[in-house]
Amino acid sequence: MIPPLDPERVETVQLVVDKSMTADAFARDSDERYPQVLATPVMIAEMERACAALLRPMLQSGELSVGAKLDVSHVAPTPVGGQVTTSARFTGREGALYWFNVWSEDAGGKIGQGRHARAILPQSAIEARAAARAGS
């Protein structure tokens, strides 16, 4: 039997910001300029990791959890070398979606927060759908 999600459990992941994780690292054109601070997509990826970790015990063989919806604010910059702690707490289920409150903090306090929803799907179905979209 798959254990139910405990709404009191918080999953936490950590990272130390390096230059590859900065907004500036996402520049693609020679005239693009962004700050050398934690990029929002990296913060969001950490939020997804924390939520996925909460769902991991529920996965059956061949299943993965995938991000489906996101409502996040990134409210403060974290410099290179800063440690970021990101946490998630399960808040409920709506149909196929598992909802979580998510937040990230550094030494100065909260840097981001929001809600994230994930679904559990067979890995083969996800990859087949992606291949169909590519025209394969």
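For the structure, check the block above.
From a predicted model like this one, the values you see are computed outputs, not experimental measurements.

Some thoughts on the side chain of Glu11
By the secondary structure assignment, Glu11 is in strand S1 (residues 10-16). Glu11 sits in the buried class, given a relative accessible area of 18%. A polar atom in the side chain of Glu11 sits 2.6 Å from the side chain of Arg9. Apart from the residues within four sequence positions on either side, Glu11 is in contact with Ala50, Ala53, Leu54, Thr86, Ser87 and Ala88.

A closer look at the packing of aromatic side chains
Evaluated as defined, the whole model comprises 2 aromatic pairs. Measuring from centroid to centroid gives 6.4 Å for Phe90 and Tyr98, while their planes differ by 45°, and the two rings are tilted. Its relative accessible area of 12% is what places Phe90 among the buried residues. Here Tyr98 falls in the buried class, since its relative accessible area comes to 7%. By way of ring pairs, the aromatic residues Phe90, Tyr98 and Phe100 are connected into one cluster. When the ring centre of Trp99 is taken as origin, the NZ or CZ atom of Arg115, which lies over that ring, is 4.0 Å away.

Basis of the calculations
Residues numbered from 1 in each chain as written. Predicted model: local features only at pLDDT ≥ 70, side-chain atom pairs only at ≥ 80, totals over all residues. Heavy atoms only, no water. Helix = DSSP H or I, 4+ residues; strand = E, 2+ residues; numbered from the N terminus. Buried < 20%, exposed > 50% of the residue type's maximum accessible area, 1.4 Å probe, protein only. Polar contact = N/O pair within 3.5 Å; in protein donor to acceptor, adjacent residues only side chain to side chain. Contact = heavy atoms within 4.5 Å. Phe/Tyr/Trp six-rings, centres within 6.5 Å; stacked < 30°, edge-to-face > 60°. Lys NZ or Arg CZ within 6 Å of the ring centre and 35° of its normal.

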